[in-house]
Amino acid sequence: MDLLNPRALRWKIAALAAAACCAVAAVVGFLVHDATRERGLRVGTERATTRLTAAEREFERTGEVPADIDVRSRAELPAPLARDLPSRPAGGPGGTAYATWYDVDPPNWYWMWGAAVVGDRYLVVREDMSAEVRSLQLLDRSIVKSVLAALLVVVPLAALATEPINRRLRHGARTARRIADGDLDARIGSAGRARDEITEMASAVDHMASALQNKLETERRFTADVAHELRTPLMGLVTAAGLLPEDDEAAGLVRDRLRALNALVEDLLEISRLDAGAERARLDPVPLGELVADVVRRTDTDTRVTVEPGDADEVRTVHGASAGARGAGSVGSAGLVETDPRRVERIVVNLVANAHRHGAGPVEVTVAGTRIAVRDHGPGFPPELLADGPRRFRTGASERGRGHGLGLTVAQGQAGVLGARLTFANAPGGGALATLDLAPPPS
């Protein structure tokens, strides 16, 4: 569709070439038109002057003027001729004065008038200039036709000549998108021997990508190393905390903070694996509705799960274990879905935990086909998260609560491993809405 896009670079360059062609043609055409017009006026003036000179000689020789020469009084002369002719002959008695006037009245009146003073008489001639005018008009039309014919050649050639530039720019854009999508090994490279601005831009982008890759690799290794180094003393702390009295309030607080710290370390390790691209999905056919209901039940939260009917399903609802109630009978599935149940479980647990931690009840999980939606009724996602997606160690708006911001980041990374799409929005009736589509449409 780039060929048909009027805003494409090829057509802008073609338009610039066309404008330059038209500007050159206009200047040349004006000069040619003006020179041709001046030459025609000179020819007309010379013809009128020649006739007047011949008439003057004839008058001096015979005392008569030729039949094609008018003899008029000064009052009978056209005003421009009378204005240009002196009242008495130039050079004194016997002298002669001449004047010419180009009389134009489009579309059919083009005359070159000539007048001479001979003695006390005024000789007047008229030369028809229509032939010169028609020649000038034909010349103008020929110039316009030539310019149009040149544009028919110049514009396509200019568009084709920009194709190598467009190809290099498109390659650079594709490479930049690959880098933005996480392929940090992608590089534009230098094609051919061209050393121009595009080559400089490609080199700068490649240098930026290399620096970004090195920085991210350093941060990734640091995160993984810190998480691994924390794991050993953390396990010792967990073991030591298990020896504390169960009924001691301080011991309970210590165990609670240790669980939070342990979850943070596990999240950091998981993020480091996701960043390294070491995670691979193991797909199995699973009843998605039953899987999600079981996962939510094990979160021990007050969460309502709704499995919408599939081909042979009915709507069934189940609450988390802390609600103290379950739907009648077993929870039906929304059909078998080919996916990695462990990663789906991780995503659902993180979304539900985020809804309870940063949102407000009731929290609802809806399974429909291959789509899982988690909604709370709190203040909703902050604009920064909706615009840029989740960022680690950033929770967004203060009204969403406090936390380290890794839950949604992990969920998004796991969705990427599954080839699924995780989107975030604010529900029309209020609250945050996260939707996991395990079979997104092809982009």
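In the block above lies the structure referred to throughout.
Bear in mind that the values here come from a model prediction, so they are computed numbers and not experimental data.

A.B. asks: A description of the overall build of the chain should follow, citing residues and the corresponding values.
C.D. replies: In terms of regular secondary structure, the chain is built from ten helices and twelve strands. Looking at the 443 residues of the chain, the share that counts as buried comes to 34%. Contacts in the chain between residues far apart in sequence, at least 24 positions, make up 58% of those at least 6 positions apart. Surface accessibility of the chain: about 25,800 Å² in total, with carbon and sulfur atoms responsible for 57%.

A.B. asks: Could you give an account of helix H3 (residues 130-161), naming the residues involved and the relevant values?
C.D. replies: An ideal rise of 1.5 Å per residue puts 46 Å on 32 residues; H3 measures up with 46 Å between its terminal C-alpha atoms. By the burial criterion, the buried members of H3 are Ser-130, Val-133, Leu-136, Val-147, Leu-151, Ala-158 and Ala-159.

A.B. asks: Describe a nonpolar patch on the surface, naming the residues involved and giving the relevant values.
C.D. replies: Together, Leu-9, Ile-165, Leu-169 and Met-201 make up an exposed nonpolar region whose accessible area comes to about 290 Å². Along the chain, Ile-165 turns up in helix H4 (residues 163-180).

A.B. asks: Which residues make up the nonpolar core, and what values do they have?
C.D. replies: By size, the foremost hydrophobic cluster in this structure holds 34 residues, and its most contacted members are Leu-288, Val-292 and Leu-351. When contributions to this core are tallied by element, the ones reaching two or more residues are helix H7 (288-298), strand S6 (303-307), helix H8 (341-358), strand S9 (363-368), strand S10 (371-375), helix H10 (407-418), strand S11 (421-426) and strand S12 (432-437). Setting aside anything within four residues of it in sequence, one finds Val-292 in contact with Val-305, Val-348, Val-365, Val-367 and Ile-372. Counting 13 residues, the second-largest nonpolar core is a separate cluster that includes Ala-48, Met-112, Ala-116 and Leu-123.

A.B. asks: Go over empty space enclosed by the protein with me, naming the residues and quoting the values.
C.D. replies: Taken as a whole, this structure holds two cavities of 30 Å³ or more when the rule is applied. What lines the largest cavity is simply Leu-351, Asn-354, Ala-355, Val-374, Arg-375, Asp-376, Phe-381, Leu-408, Ala-432, Leu-433 and Ala-434. Elements that contribute at least two residues to the lining of the largest cavity include exactly H8, S10 and S12. Class assignment for the residues of the lining of the largest cavity results in eight nonpolar, one polar and two charged.

A.B. asks: Any details on the side chain of Asp-103? Residues and values, ideally.
C.D. replies: By secondary structure assignment, the location of Asp-103 is in strand S2 (residues 96-105). Buried Asp-103, no salt bridge; nearest opposite-charge side chain is Arg-126, N-O distance 6.4 Å. There is a polar contact of 2.6 Å between the side chain of Asp-103 and the side chain of Trp-109. Excluding residues within four positions of it along the chain, Asp-103 makes contact with Trp-109, Tyr-110, Trp-111 and Trp-113.

A.B. asks: Go over the pattern of salt bridges with me, naming the residues and quoting the values.
C.D. replies: One pass over the structure, following the stated rule, counts 14 salt bridges. Of the charged contacts in the structure, one is a salt bridge between Arg-297 and Asp-294, with a shortest N-O distance of 3.5 Å. Of this pair, Arg-297 and Asp-294 both sit in helix H7, three residues apart, roughly one helical turn. For Arg-297, a relative accessible area of 18% corresponds to the buried category. We note a salt bridge from Glu-345 to Arg-298, for which the minimum N-O separation is 3.0 Å. Here Arg-298 lies in helix H7 and Glu-345 lies in helix H8, a separation of 47 residues in the sequence. Taken together, the salt bridges that share partners define one network made up of Arg-47, Arg-51, Asp-68, Glu-127 and Glu-132.

How each quantity is defined
Residues numbered from 1 in each chain as written. Predicted model: local features only at pLDDT ≥ 70, side-chain atom pairs only at ≥ 80, totals over all residues. Heavy atoms only, no water. Helix = DSSP H or I, 4+ residues; strand = E, 2+ residues; numbered from the N terminus. Buried < 20%, exposed > 50% of the residue type's maximum accessible area, 1.4 Å probe, protein only. Contact = heavy atoms within 4.5 Å. Areas by Shrake-Rupley, 256 points an atom, 1.4 Å probe, with all protein chains shown as cover. Expected span 1.5 Å × (residues − 1). Patch = residues over 30% accessible without salt bridge, like charges linked within 9 Å, V, L, I, M, F, W, Y side chains within 5 Å. Salt bridge = Lys/Arg side-chain N within 4 Å of Asp/Glu carboxyl O. Core = buried A, V, L, I, M, F, W, Y, C linked by side-chain atoms within 4.5 Å. 1 Å grid on protein atoms, 1.4 Å probe; cavity = no way out; pocket = protein on both sides within 12 Å on 5 of 7 lines; lining within 4 Å. Points joined across faces, edges and corners; volume = space filled by probe spheres on them. Nonpolar A, V, L, I, M, F, W, Y, C, P; charged D, E, K, R; others polar. Lys, Arg positive; Asp, Glu negative; His and termini not counted. Polar contact = N/O pair within 3.5 Å; in protein donor to acceptor, adjacent residues only side chain to side chain.

Any functional reading would require information beyond the geometric quantities listed.
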